[in-house]
Amino acid sequence: MTPLPDRVQEQVNVAVDQGLDGIIVYVDGGGHAPELYTAGWKDRAHKMPADPHALFKIASISKLYISAAVAKMVCNKILSLDRTLADYFPELAERIENADQITLRMMLQHRSGIPDYIDSPNLPWSNLPADANRFLQLILDKGADFKPDSRYQYSNTNYLLIGNIIDKVLGYSHREYIKKEILNPLKLTHTYGLLSEVHLNEVMSGHYIGYDGDLKTQNYVSPGGSMVATASDVGIFLRALNDGSLLNSKEQAIYSTIYKYEHTGLLPGYSSIARYYKDIDRVVIQFVNTSGGDSWTISEMVYNRIVRMLRKQSKK
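Residues numbered from 1 in each chain as written. Predicted model: local features only at pLDDT ≥ 70, side-chain atom pairs only at ≥ 80, totals over all residues. Heavy atoms only, no water.

K.L.:
Can you break down the packing of helix H2 (residues 62–75) against helix H9 (residues 249–258) residue by residue, with the values?
P.N.:
Taken N-terminus to C-terminus, the directions of H2 and H9 make an angle of 125°; their axes are 8 Å apart at the nearest point. Relative to H9, H2 is oriented oblique. The two elements H2 and H9 cross, and the hand of that crossing is right-handed. Contact residues: H2 offers Leu-64, Ser-67, Ala-68, Val-70, Ala-71, Lys-72, Val-74 and Cys-75, while H9 offers Lys-250, Glu-251, Ile-254, Tyr-255 and Ile-258. Tallied by class, the residues present in the contact of H2 with H9 amount to nine nonpolar, one polar and three charged. (Axes fitted to C-alpha atoms, helices over the stretch in contact; angles between N-to-C directions. Helix = DSSP H or I, 4+ residues; strand = E, 2+ residues; numbered from the N terminus. Parallel < 35°, antiparallel > 145°, perpendicular 65-115°, else oblique. Left-handed = near helix turned anticlockwise from the far one by under 90°. Contact = heavy atoms within 4.5 Å. Nonpolar A, V, L, I, M, F, W, Y, C, P; charged D, E, K, R; others polar.)

K.L.:
Run through the sheet that holds strand E3 (residues 48–49), naming residues and quoting values.
P.N.:
Sheet strands associate in pairs through backbone hydrogen bonding, adopting either a parallel or an antiparallel arrangement. Spatially, E3-E2-E1-E10-E9-E8 is the arrangement adopted by the six strands of the open sheet, whose pairing is antiparallel. Two strands close off the open sheet at either side, each with one partner strand: E3 and strand E8 (263–267). Relative to strand E2 (residues 32–43), strand E1 (residues 22–29) runs antiparallel, the two being bridged by seven bridges. Looking at E2, one finds that Val-25 is bridged to Tyr-37. Sheet strands in contact with helix H1 (residues 8–17) are E1 and E2, and its direction is about 20° off that of E2. Contacting E1, E8, strand E9 (270–277) and strand E10 (282–288), helix H10 (residues 295–314) runs over the sheet at an angle of about 25° to E9. (Pairing = 2+ DSSP bridges.)

K.L.:
Describe in detail helix H6 (residues 156–170), supporting the description with residues and values.
P.N.:
An ideal rise of 1.5 Å per residue puts 21 Å on 15 residues; H6 measures up with 22 Å between its terminal C-alpha atoms. Judged by how many residues are buried, H6 sits mostly within the fold: 12 of 15 residues are covered. Asn-156, Thr-157, Asn-158, Tyr-159, Leu-160, Leu-161, Ile-162, Gly-163, Asn-164, Ile-165, Ile-166 and Leu-170 are the residues of H6 that are buried. In this structure, the buried residues of H6 make contact with H2, helix H3 (85–88), helix H4 (104–108), helix H5 (133–137) and helix H7 (174–183). Phi turns positive, to about 85°, at Gly-171, one or two residues after H6. (Expected span 1.5 Å × (residues − 1). Buried < 20%, exposed > 50% of the residue type's maximum accessible area, 1.4 Å probe, protein only.)

K.L.:
Give me the lowdown on the sheet that holds strand E5 (residues 191–192), citing residues and values where you can.
P.N.:
Taking strand neighbours across the sheet as the criterion, the three strands line up as E4-E7-E5 in an open arrangement whose pairing is antiparallel. Looking along the sheet, the strands with just one partner apiece sit at the ends: strand E4 (56–57) and E5. Strand direction decides the pairing type here: E4 and strand E7 (residues 228–229), joined by two bridges, are antiparallel. Looking at E7, one finds that Lys-57 is bridged to Val-228.

K.L.:
Can you break down the nonpolar core residue by residue, with the values?
P.N.:
Judged by nonpolar contacts, the single largest core of 85 residues is most densely connected at Tyr-65, Val-70, Leu-85, Ile-96, Leu-104 and Ile-182. In contact with Ile-182, other than residues within four places in its own chain, are Tyr-65, Ala-68, Ala-69, Lys-72, Tyr-177, Phe-237 and Leu-246. Residues Ile-23, Val-27, Ile-273 and Leu-310 belong to the second largest nonpolar core, which totals 22 residues. (Core = buried A, V, L, I, M, F, W, Y, C linked by side-chain atoms within 4.5 Å.)

K.L.:
An account of H2 is needed here, citing residue identities and associated values.
P.N.:
When the terminal C-alpha atoms of H2 are compared, their 20 Å separation across 14 residues agrees well with the 20 Å that a helix rising 1.5 Å per residue should span. Most of H2 sits inside the fold, with 14 of its 14 residues counted as buried. Following H2 by one or two positions, Lys-77 adopts a phi angle in the positive range, close to 65°.

K.L.:
Please provide a residue-by-residue account of the pattern of salt bridges, values included.
P.N.:
For the coordinates displayed, the defined rule picks out 10 salt bridges. For Asp-82, the salt bridge is made with Arg-105, and the minimal N-O distance between the two is 3.8 Å. Of this pair, Asp-82 sits in the loop between H2 and H3 while Arg-105 sits in helix H4, and the two are 23 residues apart along the sequence. Using a relative accessible area of 56% as the deciding quantity, one classes Asp-82 as exposed. Here Arg-95 and Asp-141 are joined by a salt bridge, their closest N and O atoms 2.6 Å apart. In this pair, Arg-95 is assigned in the loop between H3 and H4 and Asp-141 in the loop between H5 and H6, connecting sequence segments 46 residues apart. On the basis of relative accessibility, which here comes to 34%, the residue Arg-95 falls in the partly exposed class. (Salt bridge = Lys/Arg side-chain N within 4 Å of Asp/Glu carboxyl O.)

The analysis is restricted to geometry; functional conclusions fall outside its scope.
Here's what the structure looks like:
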């Protein structure tokens, strides 16, 4: 309820005062060069201040990259949006309910009815599997949450399966395809498919309210949630996805029918927001290395106030 400050940095500073360990904000567009703002800690235990170029676990923002890869592959007739999960993986036909009715399009749009493994009480957060298919085991032989395409319900299992489908069709990792077809053309040299590909010293520490340890080493490998990147790299990618410079016109038309153009991400110790605002031509990326408690509410509040500030500035 306090008045908006005049500068983004002032609002970023307030975020730390409200209990967030560290924050990075990237803003570009509106006729201005990209700008980075930080406050708090990159590594609280070692008193290392927040680094605008630190790597960060971007969690479900990864789904934007997978969806863009699918759009390219559909355009090139490598994948079909209308083929079913059972078509791609016959061995799952008896283990995932309605696999013969669930299309690739439904999985992309979270309209499959496949349960989310995140909701499983057996998910071992304290010792995450090194094999992504261990996550899949948590939902096999479970009933569907709803009839395919009858409604929307976000499920990380959808993108785990999509990653597996891409791997099978290509004969190599979807992460390699994303690197070749998306990261390299955009010159995104600070974006990685897995935490294991980077030096941990370059990664921002992650904290969960009520837990004293550093969650940086927790390696989440499931497709659609495993990527690591800098705020600048995510910002460049998001603008390219939105302005048509990443996908050609046919690919863009396909993408527009299968997924959205913004995303949030949440993992233990990490929360992120990546959005483009057409009305003011601004990409705003926010990384916060705190989760739990009311940290997400605070993160959203800080982010929304920054966007309000940018809209106010754009009118001057």
